[in-house]
Structure formats: C-alpha cells, structure tokens
Protein chains: 4
Amino acid sequence: MTGRLRVGVVGATGWAGRELCRLLLGHPEVGEIVPAARDTTRSFAAVHPNLLGSGLEFVHLDALVERAGALDVVFLCVPAGEAMGMAPELLRRGTRVVDLSADFRFPDPALYERIYARPHSSPELLPEAVFGVTELVRDRLPEARLVANPGCYVISVLLGLLPLAEEGLLGSAGSVHVHAVNGTTGASAKPTRDLHHAEVFGSMLPYSLEGHRHSGELELHLGRLAGGPVDVVMSTAHGAFARGILAQITVLVPPEHRDGLSREALTARYLGRYGSDHSGEHFVLVNDLEKRGGANAKEYGAYPRLSNVVGTNYCHLGVDHDPARSVIKVVSVIDNLGKGAAGSAVQNMNVMVGLPDTTGLRAYAP
Amino acid sequence: MTGRLRVGVVGATGWAGRELCRLLLGHPEVGEIVPAARDTTRSFAAVHPNLLGSGLEFVHLDALVERAGALDVVFLCVPAGEAMGMAPELLRRGTRVVDLSADFRFPDPALYERIYARPHSSPELLPEAVFGVTELVRDRLPEARLVANPGCYVISVLLGLLPLAEEGLLGSAGSVHVHAVNGTTGASAKPTRDLHHAEVFGSMLPYSLEGHRHSGELELHLGRLAGGPVDVVMSTAHGAFARGILAQITVLVPPEHRDGLSREALTARYLGRYGSDHSGEHFVLVNDLEKRGGANAKEYGAYPRLSNVVGTNYCHLGVDHDPARSVIKVVSVIDNLGKGAAGSAVQNMNVMVGLPDTTGLRAYAP
Amino acid sequence: MTGRLRVGVVGATGWAGRELCRLLLGHPEVGEIVPAARDTTRSFAAVHPNLLGSGLEFVHLDALVERAGALDVVFLCVPAGEAMGMAPELLRRGTRVVDLSADFRFPDPALYERIYARPHSSPELLPEAVFGVTELVRDRLPEARLVANPGCYVISVLLGLLPLAEEGLLGSAGSVHVHAVNGTTGASAKPTRDLHHAEVFGSMLPYSLEGHRHSGELELHLGRLAGGPVDVVMSTAHGAFARGILAQITVLVPPEHRDGLSREALTARYLGRYGSDHSGEHFVLVNDLEKRGGANAKEYGAYPRLSNVVGTNYCHLGVDHDPARSVIKVVSVIDNLGKGAAGSAVQNMNVMVGLPDTTGLRAYAP
Amino acid sequence: MTGRLRVGVVGATGWAGRELCRLLLGHPEVGEIVPAARDTTRSFAAVHPNLLGSGLEFVHLDALVERAGALDVVFLCVPAGEAMGMAPELLRRGTRVVDLSADFRFPDPALYERIYARPHSSPELLPEAVFGVTELVRDRLPEARLVANPGCYVISVLLGLLPLAEEGLLGSAGSVHVHAVNGTTGASAKPTRDLHHAEVFGSMLPYSLEGHRHSGELELHLGRLAGGPVDVVMSTAHGAFARGILAQITVLVPPEHRDGLSREALTARYLGRYGSDHSGEHFVLVNDLEKRGGANAKEYGAYPRLSNVVGTNYCHLGVDHDPARSVIKVVSVIDNLGKGAAGSAVQNMNVMVGLPDTTGLRAYAP
C-alpha cells in the first residue's frame, strides 16, 4: 500500500466494515487502513478470512480516536444511534467522517427521533451533513466534513426513480410502491436461529411489513427531487443469498403523462439521464440490451439481474411499461454492501479528496 | 397401489407432471397412474430420478387417450394452447379433466384470446369449466366434468386477499400491488443459458414487467369477489430456488375503512375466515405466532417464510398494517408446484370424486 | 391422529426432533406425540413454523418422563452424553427408547470413552442396545428395549459398502476412503457467525479433518461386516444446503478380485443385494438408469444426485469402477435428517412394534 | 484502457472467456482486448451482462487470426481438441498463445491420445509448450511462446501437495485420494435439463467416477515432482454453486515419515514453502488462523472455506493430520474460473511479458 491516504474504519468486524477494508486494500491512493473495533480479541483474518494475507489487524476504537487527527477520512460502520456519539470527537480532532448509519441522514432531528425512536444527541451537526448519493451531491463533497451515507434500499430506489422525479412523473399521482429483496448481509450479523443457514436456505423472509425505516428516508429525499410529497410503500424481504438488492418499483403514471409511453421511450430517457457505457454516470448502467439487438433480450436478459452487480459499485437499471394499467416499472439492482454501503462510501471519499469517483471502484462482477 | 381410482397425467415429463405423479403415488385411494407423454424414449426414472423405485413408465399420449374411458380423472400438464385441443376428446370418452393450463380459466373466449394471443378452439366448453380454487368452489366440484386449475400466482393472491375482498376492502380504492417471487420450476423447463444453474445461482431474474398474464386472470376473479373492477399491478421475478412463491401484496385502504385497523385486528379477521390449526380451511394457515407468544415472533417468525410450505399443499398467510401509509400488507406463500399446481389439482380431484380435500395431501414441509 | 401408538420426542426443539414430529404427524398408526424440551417458553409453531397447524405444543422434559410408562416409544434427540443419563429412567418406567445420539452405539464403553472423551455412565445398558441399521438388524428389533440409531454418515456408508463387505471385497486391501458432504442441519443448531447464512452461502466448510468421530463408528461396524479390521479415512465438509449427505467412497480392490470388474457387473451385484424398485430393501435403491436405457444416463443421471432423496427415508446408491487404478467408487446419498436420523428412527420403531418398515415413510422427494 | 498490451480471447462467449475479459478490463497494462467467437450475432453485453458498460463487442474468430501478429498474447478458451488446430497459425503470425484447454498439457502425444481419445494434430509443438503452474515455471515463461494452462483441479491439487511432494512424502506409499467439488461453471455451458437451475438447486451431482481426465494430468505432473509414480484416485462432483473448487486430499504417510507429524508442524512446513501474508508465493495462502489465536479457529475457521477465494486468483491451503490413521489431510480451495483458469492465465501472461505476477490480480473475494 503506497498511496497517500490514511483512513480509519470503525466497526470493522461487521460486513460493511469488511467490504470497506476489501475495497480500500485495492485502492491505489490508500496508504494506510486502520480497522478499529471495541473487541480486538480475534485476529483480523479469523474474522475476515477472505482478507487472509492482507496483514491488517484490528486496533481498539480508542486508539483510532487518538490517531484521528492523522487520518484523512474515518468511516463509521456502527449501529444506528452510535455514530452521533462518535462523530463530534472525530471531527474535533480534524478528520473527516463518512457515516454509514442513519444518524445524519435527516436534517430535522424530530424526523430522526420519530423514525428511530431515540433522541438525537448531536443535532448541531445535522445542517452540515451531506446526504451522500454521490451522483446528486458531487459538488458539495469536496468541502464536506461529514457525509451521511444513504440507506442501501434508498440508493437503489433513488437512482431508479431519479429520471422520473426530475421530469415530474412522480407528481401527485399517489404512491410509489417498492418491493425490494435484500441479501442476508442486509440482516443483522448477530447470529440467531432465524438466520442460521439451515433456516434460510431455499427460503425467503419478509420483514418490517409495518413500515421499513427506509420508507421515511425515501419519502424525504424523493420528495425533494419530485418537488412535493411522495408516499413510498415498501415491502421488503430477505432472499437466500448473501449480497445484493433487487428493487422492483411501480409508479402510477398521472393521466397527463400517459401519451407516448413505451419501454423504448422510457429506456431512452434513462439513457439520456445516465449515459450509455460509462459515458455519463459511471456507476449507473441502463439495461438497453433489447435495443442493442441481443438475441436473448426478449427473455431474462431484457432486465437487470441481481448477480451482475454483486461485488461491485454498479447499479443496473431497467425500465418498462404496463400499458393496460398505466404503470411504469423500474428494476434497480445493486450490491447492498457495495453501491449500497461500502462502495458508495469510498466513492464519496474519492470525491471528497479530489479523486475521480471511479478510483479503486471499477471492478465488474465475477 | 391398492386404491380404486385410475388417473392419467398428460405432460408427465415436466415438473408439474412429476409432482402430480409424486402426490398420486402417495395417495391412498389411487390404484393406477398412467403418465403420458409424446416422447417416451427415456425411462420414467431417468427423467424423474426422485421417483426411482416407483415402477412407473411413460405411455404414449395416444395410448392414454384410447384408455381415457377407463380413467376416473385425467390431468393435463401441457403448455397453454394445447389443452383446449385435447379436452373435448377426453370428455367425449367419458373421463373427467383437470387442466393445469390457462385454456379454460376465462369464461369469455375473447378475454383468453386477448391475453394469450391465440383463438380459442373449444369455446363451447368454457361455460361448464369450473375455476378450481377448491376453497371457493367446493360445492360445484362433485358435478364438474372439466376443472380449470388456476395459475400459481393467482392461487396465492386470491387466498391472500379473500378476507379483504369479502369485506369490501378492495373497493374502489384503486390498485392492488402484487410482488411475487417464484422458483425456477415456475420458468420454462426448456434448457436455456439464462436458466443454466451457473447463470441463476445467487441471482434474481425479473420478468414480464410489461404485464404478467396472471394479472388479467386475477383481475377477473378478484373483481368477482370484490364485486367491482380491481386493477392488479404485478411485479414478478424468479428467485434462485427451485420451488415456491412468495407473494407480497399491498392494498391501499379506502378512508372509510381505516379506523381500528391493526395487525392484531387483521390477523383476527383472517383467522375468522380461515380458522386456526386446520379448524377451517385445512390448507390455509394464518401465521399468528406473535399472538401465540412465540418469543421470536417479533422477528422473521412474525411472517410466513417460503420454506415452510415447499413440498406441500399449504398456503401460509400473514397480514400487517403500515399505519403511516394506510396500507394493508399481505404475505402469501405456497409451493408453486404444490398448492400452486399439482397439489391443488389433487385437492380438486378429491372433492370431485367424493373424498375429503385432504386425502393424500396432509404432508408438512421437510 | 387416530393411531394406537403414543410416542415421545425428547429434544424436540432441534432439527432431528422437528423431523421426527413431522414424520410422526403423517404416520397412520401414531395417535399421540409428546414433544418434550427443557425450554418450553416458545410455542411449538414458532420454533417449527413448517408444522404450523399441527396443534402440537412442547411439554417439559420432566412431564414426559413422568408419563413415560404410558408411551410406547421415546425418541432421544439430545447431544452426545445426555442420552445415557436419561435412558435408564425411561426404560425403568416401561417405555422403549430409540436414541439418536452416539451414547449407545459402542458395545465397549472404553471405545466410547476414547472417541467421545467422557466416561460412560450407563455401561450396563450397552450389551442390550441394538445398533439400528434396520436393514441389518430387523430380526432383533421386535424384542429390543433400547435402539442406538447410527450416525448419519455411518448409515450412508454402511449401506453403500454392504454388498462389498459381504463379498469380502474390503478385505485386507487397506483403507476405505470416504468423502462426505453434509447439509448445515448436520452442523450445530447453535447460532454462530460461522453458520450465519451470509457466511455459508456459496461456500463449503471442511471440518474435523483430524478424524471425524464417525470414522471410529464405521470402523467398528464395517469391520464386523468385513470380518476384519478396516481403516476408514474420512474427509467431511458442510455444503451450502440445508439437508442431505453425499458420500463418495473409494475402495482399492485387492488383486485377487480384480478380474471381471465393471460398472455393469457391480451394479448387478448391488441390485442382487438390494433388489430393484422396492423388490428387496424398500429404502435402498440402486441407480441403474444407464442399464434401463435412460437416454441421459451417460451424463449426471448415471449417478445418484443428492436432491432425489432430500425429505425422504431413501438411500440411493450408485457404483462404478476406475479400471486404471483398480478402485471401486460408490456414491451413497441420503437425507441426513431422514434416513440419517429421524426416518431411520421411525423405521426402527415400525419394526419394534410389529409394523412393516415402510409405514408412514414411503414419501418420495419433492 | 491505456496500457500497452493488446490481447485476444478466443472462445469469448464462454465462462472462462468472460472471466478473462473481466480480469483484462481491470488490468492496468492492457490497452486492447479482442474477444473473438465463431458466433457474433449477439451483443457482448447480452451474453455477459456483468460486463455491461465495458464497450467490448465480439469480433469473428477469423478477424482475430488476421490481426494475430499485432497482438501480444492470445488466450484460447475452446473445447479440448480445437486449440491444437488454432495454435500453429497463431504462433506463425507472431503472437504468443496461452491455451486453457488440455491440448498442450502432455509432452507425450500418446498420453494425450489415450486420455482424450483423439489423435494430436500438432505434436511438433508439444516439446516447447510450458505447463503453466506459474509458481513452478516462473523462469521459463519469459521465453515461452506457448503455455498450456493446467486443468482447474490440477492447479488446486498440485499447489496443495507441492510441499509434501518436494519432501518425498508422496513416496511409494501408494495412492493420493482427491475429492473435489466444483461449481457449475465447471460443467458444460451447453444448456441441458440436468444443468437447469431447478434440477441442480439444493443438490450435488457426482460425475466421471470411472476416472476423471485430470487424474492422468495429475499423475504425470505430480509424479515429476515426487520423483516417481503416483496414483491419483479422484472423486468429483458438482456442487450447487456457480464457482469454486474445494479439493480435499488425503495422503497416507509412509511409516518412515510418521514421527513428529502434527497439524502444527505441517502448517509450519507449508508456511515455510509458501510464506505468510504474501511474503512468498503471493497467491498461495496457508490458513494458519489457529496459530494466530483467532478465537474461532477451533471451528470452521481452522480450514479454508470455499467462498473466501471465489472471484479471486488466490489458493487457500489448510493441512491437518489424522494420527489414528496416519494420513495427512490437505484442503485446497480456488476459484475454478480464477486461479483454476482465467486468473492463472493472466498470471502467466504477466510473467511472459515481464510484469510481476500480481499485476491486475490482487483483488480479494467479496
């Protein structure tokens, strides 16, 4: 590791922390990684055997805080409610913070308190926290001290609806319906019988039907893009795979926008917004295989498939139209630990320190 | 096999045919199974090695037709468009027919022709065909000559929405949104690279976003139950598992029905409709584990999980309420080849010949 | 449940206990099931949601012991070392015991103590304990009070080598090599991070390379069949599936037996021992699909595949010959919780109480 | 792509070709990739949707051959028997060839003909072909025109046994037993019902029990290392995962080498041969987590797990000792498409063109 950047990872025993370390180990501008945890009894490679050989070892959280002034960026991969206690001290010592938890995603502490059912201990930091969908806030990141990485579902849905929101298609037509299936790294890492491999294999586990916390996060940020209130009805489940989110989104098209809608036209709009083959937003790729004449495109190839983004920072989008019911269908796939968490965090770091978005993040899915 | 019933299975090389044979082999009242196919070159056990030992062998389709008069029931597991050509001759020879395809599901041939893009060759049979959700048509089955087994998605959604439809909750409030994930036995059995194990593993494959054919089937039959038109917006995908459907359904509650809604109240309604622990509809089980004080019920146990019905004829239902968005959430899980196809077909046969629904079908999931 | 038999299941919260309850619920001669556990705080259906609807509830272990005299058979599904403390009291109260643990598998307590590293507290019961591979001890079971169900690997390997052992082919030629992959229900049900779904997905986990405990069990019982000492070198791993064992066994053929060896001849020998299509041992099926002319038999169909026995009490066997290296290859697949544990235990119970082996156990794999 | 190297990939529609393109797209010294196929009707991204965005398109095989003189290296990912027809012309035109098939792995054409049942059409090239286990032939690669990439099983086993072979431990003690489970990308990409996802899910498929072709390849090259004949008895199966090989190897220790054997001593020997944490062979990592005091090392962490190398060029090795049976157990895991094929091929290319082994290949497993 010969790069100039020194970075810390708090909460490095979890899956997001593991993925951050993995990405940072392959990042050409990173010269030092400090993986910190409260419990440092086990060796790093025993906790993360996929990183055997890296030579990394855990340091105690306190030691990282002590050294914070010498670190360019510190990533926080801690449960909701812990980051708001850590960030002030880290910032005071002069490092910059990318928080992967929900603690700094809501400018209004009251909203945070309602959704997460706890008071916010650092409301004074909320005004400066940048909600880090890189594609939307690229200009603000170079100056940012504190970045709130969005929720994994939120990234997949915001990128999926951006072209529609910007054109006023979310309008006042009512609700957006999101059905999203997440891998088991999206569940708690705490071992329980429900998450024992033998109980999950071949199954699917719906959860949070009473309203997922990311619904509120989406309503806030989607509402801003749409220029008005948007209801987001979410149905979530864990699938029996380790990584990835498949989000299927339906939007009822307001009557005034129904003319001329077609799959082809919608795909063209998305390509217009995001570009083709990395010509625009590097990490957002619109599935236009049908348009390209891929012989198989009528079949499953016509839509994004989950496995094509696992292990990467890419988001694949597909869009279609059900003319009989006047709904637009959007499919958005990301890796919940990649673009949905660690990848996105590194992308934000890149822009914060003046690098291109893509540094260290171009890998395609195996 | 010592039972009195003699049954035929047309299209016995496919997965629905395999599952029918499996269920019929364990059925105490079945004495003879005639598995028929157009291609009889391979031995039965080579095509269905899970049934090694059964002693069954394929007969040619023509031979089955010849013997049809001696068979009590013939099941048709053939692609859409083929059953309508076979049923008249089979009925003429005096057997009864349970068709697992879509050919006899629409009383109006024009609707069939619109959805399946082909003319209907036996429209004269449509008036007598019974749409076979056993739970809804139990009284009509003993006299039925021709039963149209519903689509797999349709069974899962109809059972999931029945209590709401019967109480007028689907009303004119707008659309029902269905997101359903089906196993790969729900896809074509024709080998393609898209369905090669290596391409599906760890993935999810969205499909038919332009409108799944079962949307129309659902709109027809749900509309009847609801007493008025219902739009059904479906998003479908294949998950990387062989069997099972997880359907997650959202229903916007009309303002006049919003008072007093709660998960507890909804669960009570569903239990009122379907009974508890087989006290009502044997194969429809409402997940009320939270109510029973299962310590883990707050977690995944609070909702039906897919694996709990795979290999069975059961449908597990769970219901919840998102109060912030006034929507009811329903989860319905079935085995697409069990209750969604072969199990349901055997259940229909049971009632047709005067047996209890449950004969040969009580097995729980491994 | 209208049968005459009353049975108890101790350790009913685990996976073997779950499968026993599932099988007993479908058993036509069982009239009462008493699932017992030390911890009865959760409802039965919350622990075993696949059995929702059964109406079973846990009773405390002490309550089962009190009632033991009224039970025909009690199954013990407890960790090694616990059954030997429970069995004496249960037997004293007049019930019969089928123990699924290792406690009564070794006639010589010293061998048990060496392998399991603890003293045996009930050595006086060892002489009467019947080592319950049903196919080998059918005559002794009607009189047995105490049956020691064999280890799951042991059943798969013993059935796979029986025809060779009986013909003297294991001879003094040296070692038998067993490579066996077991599902994650074969691992501990105790939740750990190693067994969290996200860590196991897409992986394989070798374990016990220093010598699996079942090696000793196999050497003892295989040695008896072979009439002389046999070394069993085992390599074991968990695969990323919930249920099933694939055992691949290689046997070096002594020079005096090498003439005339061929796949065809070996398959014929196995068919001679076990019969074809349930004509001999009902639950042991020899894969002879190549012989039957299944067109696909040259490919994977030529050998047993794991999925064909999951959820069942069947063992599928395949046998082949590598002429260049003079080894016989045997493939044996079972369900580790079925024929490898609960299925086998019910099969033993059947013979103990005078029923055919097959009662309640004929189901084929979904 | 700004590097200096221009490379061709023949057979770019398959999985090895896909992985090669993926690795080359991330290789900092590669400036042009020419993916060639006989069938160029489908777009590259439709065949390889994981590489959507790369901008690659197929060229016809003939066009690649025409341009061969301008390419630094051409990789052949074609079925056994095709490469020997292509290599002479490619070499004549002045490019260098890395062949991933079996065609140039055997110096003696008679051996090739015996194992692959076809005559060798280019025996004149065999003497110069370098059998490309990079770790063994690093010195010969800079001058090599033609490299024969080893079989995927062969790489995993050779790396696993190298330290034992070099110390004479394979001796004349008899056979080496290899049990190896490969993902379904290791099977044919040709769609068949046997490989349809629905048939493979939750299963394992043994194959080639009559003797895998890689046995002969191993016997040849292992024999050279061991300095005498070695029998390699292989048992192979496909597991229900897309990528990766788990090889479990047992070696009977000759009596004269049994003293002082222990897991600790063996691990030290392997570390001595391969180094620790990339200090020696970068891509061969010895699992010494127990030694490092990883608290979990007694459990599954003590051995290599498959998922830790999928998507990478790493080989993880673990070694243990069963003292009761005097056998050494070796576990070797690789990605069959990575270190087992495309990764290894790129590693060879690196050394051929004067780069460090590791260029473009350092990524750890997600």
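Residues numbered from 1 in each chain as written. Chains lettered and ligands numbered in written order. Predicted model: local features only at pLDDT ≥ 70, side-chain atom pairs only at ≥ 80, totals over all residues. Heavy atoms only, no water.

How we decide: UniProt positions are given in the numbering used here, feature names are shortened, and annotations may be inferred rather than shown by experiment.
The name that an unreviewed UniProt entry assigns to chain A is N-acetyl-gamma-glutamyl-phosphate reductase, with the source organism given as Actinoalloteichus caeruleus DSM 43889. According to its UniProt record, chain A has this under Pathway (unreviewed entry): "Amino-acid biosynthesis; L-arginine biosynthesis; N(2)-acetyl-L-ornithine from L-glutamate: step 3/4." The annotation that UniProt attaches to chain A under Function (unreviewed entry) is "Catalyzes the NADPH-dependent reduction of N-acetyl-5-glutamyl phosphate to yield N-acetyl-L-glutamate 5-semialdehyde."

### Description of the packing of aromatic side chains
Rules: Note on aromatic pairs: the rings of Phe, Tyr and Trp (six-membered ring only in Trp) are paired at centre separations within 6.5 Å, and the planes decide the class, stacked below 30 degrees, edge-to-face beyond 60, tilted for the rest. Runs of H or I in DSSP of at least four residues are treated as helices and runs of E of at least two as strands, each being numbered from the N terminus. Think of it in three bands: with a 1.4 Å probe and only protein chains considered, a residue is buried below 20% of the maximum accessible area for its type, exposed above 50%, and partly exposed in between.
Taken as a whole and judged by the stated rule, the model has 30 aromatic pairs over all chains. Considering the side-chain rings of F201(B) and F201(C), the 5.0 Å spacing of their centres and the 0° angle between planes classify their relative orientation as stacked. Separated into two different chains, F201(B) in the loop between helix 8 (197–200) and strand 9 (204–207) and F201(C) in the loop between helix 8 (197–200) and strand 9 (204–207) make up a pair that spans both. Residue classification places F201(C) among the buried residues on the basis of a relative accessible area of 19%. Seen from their ring centres, F283(C) and Y314(C) are 5.4 Å apart, and the 55° between their planes marks the pair as tilted. Residue F283(C) is located in the loop between helix 10 (263–274) and strand 12 (284–286), and its partner Y314(C) is located in the loop between strand 12 and strand 13 (315–322); the two are separated by 31 residues in the primary sequence. Under the relative-accessibility criterion, Y314(C) is labelled buried at 1%.

### Re the interface of chain B and chain D
What counts is decided by this rule: Here, residues are in contact when the closest pair of their heavy atoms is within 4.5 Å. Reported buried area values correspond to the accessible surface (1.4 Å probe) lost by two parts on association, with both partners' losses combined. By definition here, a salt bridge exists when the distance from a side-chain nitrogen of Lys or Arg to a carboxyl oxygen of Asp or Glu is within 4 Å. Pairs of N or O atoms are called polar contacts if they sit within 3.5 Å, as long as, within protein, a hydrogen donor faces a hydrogen acceptor (for residues adjacent in sequence, only side-chain-to-side-chain pairs).
Facing 24 residues of chain B, the contacting portion of chain D comprises 24 residues. Surface buried jointly by chain B and chain D totals about 1900 Å² across both partners, of which 59% is contributed by carbon and sulfur atoms. When residues of chain B are sorted by the area they lose upon contact with chain D, R193(B), H196(B) and H197(B) head the list and together hold 38% of the total. For the interface between chain B and chain D, the tally reads 2 salt bridges. R18(B) serves as the salt-bridge partner of E199(D), at 3.0 Å between the closest nitrogen and oxygen. At the junction of chain B and chain D, the tally comes to 14 residue pairs in polar contact (both at pLDDT 80 or more). Broken down by secondary-structure element, the contributors of at least two residues to the side of chain B that touches chain D are helix 1 (15–25) and helix 8 of chain B.

### Points about the sheet that holds strand 12 (residues 284–286) of chain D
All names here are of chain D. The criterion, for reference: At least two bridges found by DSSP between two strands is the condition for calling them paired. Angles shown run from 0 to 180 degrees and are taken between the N-to-C directions of axes, each axis being a line fitted to C-alpha atoms and, for helices, limited to the stretch in contact.
Across the sheet, which stays open at both edges, the 7 strands sit in the order 9-10-8-11-14-13-12 with mixed pairing between neighbours. Each edge of the open sheet carries a strand with a single partner, namely strand 9 (204–207) and strand 12. Direction aside, the axes of adjacent strands within the sheet are offset by 20° on average. Pairing geometry for strand 12 and strand 13 (residues 315–322), over 3 bridges, is parallel. In the sheet register, V284 faces strand 13, and the bridge partner there is C315. The strands touched by helix 7 (residues 152–166) within the sheet are strand 8 (175–182), strand 9, strand 10 (231–239), strand 11 (245–252), strand 12, strand 13 and strand 14 (327–334), with strand 11 carrying the most contacts at an inclination of about 40°. Contacts from helix 10 (residues 263–274) reach strand 12, strand 13 and strand 14 within the one sheet, and its direction differs from that of strand 13 by about 150°.

### What to know about the side chain of D288(D)
Considering the arrangement of structural elements, one finds D288(D) in the loop between strand 12 and strand 13. A relative accessible area of 3% means that D288(D) is categorised as buried. The contacts of D288(D), once residues within four sequence positions are left out, are L52(A), T267(D), L271(D) and S276(D).

### Some details on the packing of helix 7 (residues 152–166) of chain C against helix 11 (residues 338–352) of chain C
Residues and elements named next belong to chain C. This is how the line gets drawn: What sets the label is the angle itself: under 35 degrees gives roughly parallel, over 145 gives roughly antiparallel, 65 to 115 gives roughly perpendicular, and the rest give oblique. Note that Gly is not counted as nonpolar here; it falls among the polar residues with everything else outside the nonpolar set of Ala, Val, Leu, Ile, Met, Phe, Trp, Tyr, Cys and Pro and the charged set of Asp, Glu, Lys and Arg.
Interhelical geometry of helix 7 versus helix 11 gives an angle of 100° and a closest axis separation of 8 Å. Looking at the two axes, helix 7 sits roughly perpendicular to helix 11. Here C152, I155 and L159 of helix 7 come into contact with helix 11, specifically with K339, G340 and S344. For the contact of helix 7 with helix 11, the class distribution of residues is 3 nonpolar, 2 polar and 1 charged.

### Remarks on the relation of the copies chain A and chain B
Rule in force here: The copies were overlaid by least squares, fitting only the C-alpha atoms of residues that reach a pLDDT of 70 or more in each copy.
Each copy of the sequence occupies a distinct position, and chain A is placed on chain B by a rotation of 180° and an axial shift of 0.0 Å, giving an RMSD of 0.0 Å. The superposition operator between the copies reduces to a two-fold rotation axis. Looking at the rotation axis and the C-alpha trace of chain A, the residue lying nearest is H179(A), at 3.3 Å. A high fraction, 100%, of the interface residues of chain A reappear at the interface in chain B, so the copies pair face to face through one surface.

### Some details on the side chain of H238(A)
By the secondary structure assignment, H238(A) is in strand 10 (residues 231–239). Overall, H238(A) belongs to the buried group, its relative accessible area being 1%. Side-chain polar atoms of H238(A) contact the backbone oxygen of G183(A), separated by 3.1 Å. The contact partners of H238(A), leaving out residues within four places of it in the chain, are V181(A), N182(A), G183(A), T184(A), G186(A), A187(A), M204(A), L205(A), Y207(A) and Y300(B).

### Overview of the domain arrangement of chain A
Residues and elements named next belong to chain A. The line we're drawing: By convention here, the domain bounds are inherited from an automatic or database domain assignment.
Domain assignment breaks chain A into domain 1 (5–128) and domain 2 (153–336). Domain 1 puts 9 residues into the contact, and the matching count from domain 2 is 14 residues. Across the domain 1/domain 2 interface, buried area totals approximately 950 Å², and carbon plus sulfur atoms make up 58% of it. Together, W15, R105 and Y116 form the three largest contributors to the area buried by domain 1 at its contact with domain 2, with a combined 50%. Linking domain 1 with domain 2 are 2 salt bridges, by the criterion used here. For the pair domain 1 and domain 2, the number of links is 4 residue pairs in polar contact (both at pLDDT 80 or more). If you list the elements that add at least two residues to the side of domain 1 that touches domain 2, you get helix 1 (15–25) and helix 5 (109–116). Residue composition of the side of domain 1 that touches domain 2, by class: 6 nonpolar, no polar and 3 charged.

### What to know about helix 1 of chain A
Most of helix 1 of chain A sits inside the fold, with 11 of its 11 residues counted as buried. Taken residue by residue, helix 1 of chain A has W15(A), A16(A), G17(A), R18(A), E19(A), L20(A), C21(A), R22(A), L23(A), L24(A) and L25(A) as its buried positions. Looking at the buried residues of helix 1 of chain A, the elements they touch are strand 1 (5–10), strand 2 (30–37), helix 2 (44–47), strand 4 (73–76) and helix 11 (338–352) of chain A together with helix 8 of chain C.

### Points about unusual backbone geometry
Residue D277(A) is not a glycine yet carries a positive backbone phi of 50°. Looking at the secondary structure, you find D277(A) in the loop between helix 10 (263–274) and strand 12 (284–286). The residue S326(B) is not glycine, and still its phi comes out positive at about 50°. For S326(B), the position within the fold is in the loop between strand 13 (315–322) and strand 14 (327–334). What makes S326(B) buried here is its relative accessible area of 14%.

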